[in-house]
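Listed here are the chains, written in short residue letters.
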Amino acid sequence: MTYQDRNTVVSIFVNLAVSAFVVSRLLDMNASGSFDGPDAVNNWARMVIWLIPLGVVATIIGTILFNIGFAIVTHEPKPSFVVDERDKMFERRGSYAIIIFAGAGFVSAVVAMALNASALTGFNIIYFGMAFGSLSADIVKFASYRRGY
C-alpha cells in the first residue's frame with residue numbers, strides 16, 4: 001500500500017466520521033429548537049465553521065497514526081513520498097468527482113430554494129453535496145490505486 005493510498009484510506013474514514021457527526025449534530029440541534037427562528041442559518045454556520053478545523057486536525061492525526069501503525073506492522077522503514085504521473089492522474093480523477101458532486105449539490109440547492117425551500121435546507125444540500133463529493137473523490141482515488149490504472 002503506497003503512502004498516497006494510505007492517506008486516501010484515512011481521508012475516507014475521517015470523511016465518514018465527520019459526516020456522521022454532522023448528521024447527529026443536526027438532529028440534536030433540530031430537536032432542541034436551534035433552527036426555529038430567524039438565527040437558524042447563523043446557528044448552522046457556527047456548527048459548520050468548527051467542522052473545518054476538526055476535519056483537518058482529524059485527517060492529520062489519523063494520517064500520522066495510520067502511517068506509524070502501518071510501518072510497525074509491515075516493518076517498512078520509511079515511506080516513499082515520490083509522486084509520479086500515475087499519482088497525478090489519480091488525483092485528477094478525484095478532482096473531477098468532487099467537482100461533479102459539489103456542483104450538483106450547489107445546483108440542487110439553488111433549485112430547491114427556487115422551489116421555496118428554506119435557506120437552511122439549501123445550505124444543508126450544499127454541505128452534503130460537498131461532503132459526498134469529497135468522499136467520492138477519495139473512493140475514486142482508492143479504486144484507481146487498487147486497479148493500478
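Residues numbered from 1 in each chain as written. Predicted model: local features only at pLDDT ≥ 70, side-chain atom pairs only at ≥ 80, totals over all residues. Heavy atoms only, no water.

A. View of the overall build of the chain. The secondary structure content of the chain amounts to four helices and zero strands. Listed by position from the N terminus, the elements making up the chain come as α-α-α-α. Projected onto its principal axes, the C-alpha positions of the chain cover 55 × 30 × 15 Å. The buried share among the 149 residues of the chain stands at 32%. In the chain, the proportion of contacts linking residues at least 24 apart, taken out of those at least 6 apart, comes to 81%. Of the accessible surface of the chain, which amounts to about 9100 Å², a share of 71% is contributed by carbon and sulfur atoms. With 11 positive and 10 negative side-chain charges, the chain shows a spacing of 6 Å between the two charge centroids. (Helix = DSSP H or I, 4+ residues; strand = E, 2+ residues; numbered from the N terminus. Buried < 20%, exposed > 50% of the residue type's maximum accessible area, 1.4 Å probe, protein only. Contact = heavy atoms within 4.5 Å. Areas by Shrake-Rupley, 256 points an atom, 1.4 Å probe, with all protein chains shown as cover. Lys, Arg positive; Asp, Glu negative; His and termini not counted. Charge placed at Lys NZ, Arg CZ, Asp CG, Glu CD.)

B. Main features of the nonpolar core. Of all hydrophobic cores here, the largest spans 15 residues; its most connected members are F35, W44, M47, L51 and Y127. The set of elements that each furnish at least two residues to this core consists of α1 (3–31), α2 (40–74) and α4 (119–147). Excluding anything up to four places from it in sequence, F35 contacts L26, M29, N30, A40, N43, W44 and L120. (Core = buried A, V, L, I, M, F, W, Y, C linked by side-chain atoms within 4.5 Å.)

C. Geometry of the packing of α1 against α2. Look at α1 against α2: their axes get within 9 Å of each other, and the N-to-C directions meet at 150°. Comparing their axes, α2 and α1 come out roughly antiparallel. When you trace α1 past α2, the crossing you get is right-handed. Split into classes, the residues belonging to the contact of α1 with α2 amount to 16 nonpolar, seven polar and two charged. (Axes fitted to C-alpha atoms, helices over the stretch in contact; angles between N-to-C directions. Parallel < 35°, antiparallel > 145°, perpendicular 65-115°, else oblique. Left-handed = near helix turned anticlockwise from the far one by under 90°. Nonpolar A, V, L, I, M, F, W, Y, C, P; charged D, E, K, R; others polar.)

D. Expanded view of helix α3 (residues 85–114). A rise of 1.5 Å per residue sets the reference length of α3, with its 30 residues, at 44 Å; its end C-alpha atoms lie 43 Å apart and thus fit the reference within 8%. Residues of α3 that are buried include every one of D87, F90, G94, A97, A102, G105, A109 and A112, and no others. Where α3 is buried, its residues meet α1 and α4. The N-cap of α3, judged by a side-chain oxygen 3.3 Å from the amide nitrogen of R86 a few residues on, is D84. Within two residues after α3, N116 carries a phi angle of roughly 75°, on the positive side. (Expected span 1.5 Å × (residues − 1). Polar contact = N/O pair within 3.5 Å; in protein donor to acceptor, adjacent residues only side chain to side chain.)

E. Summary view of the side chain of D5. Counting through the fold element by element, D5 comes out in helix α1. You can call D5 buried: its relative accessible area is 0%. Not counting the four nearest positions on each side in its chain, D5 is found in contact with F142, Y145 and R146.

F. How the structure looks around the pattern of salt bridges. Following the criterion strictly, the structure yields five salt bridges and no others. A salt bridge links R146 to D5, with the nearest nitrogen and oxygen atoms 2.3 Å apart. Taken together, the residues span a long stretch of sequence, with R146 in helix α4 and D5 in helix α1 at a distance of 141 residues. K88 is the salt-bridge partner of E85, the closest N and O atoms lying 3.8 Å from each other. Of this pair, E85 and K88 both sit in helix α3, three residues apart, which is roughly one turn of the helix. A relative accessible area of 57% places E85 in the exposed class. Residues joined by salt bridges that share partners form a network here, namely E91, D138 and K141. (Salt bridge = Lys/Arg side-chain N within 4 Å of Asp/Glu carboxyl O.)

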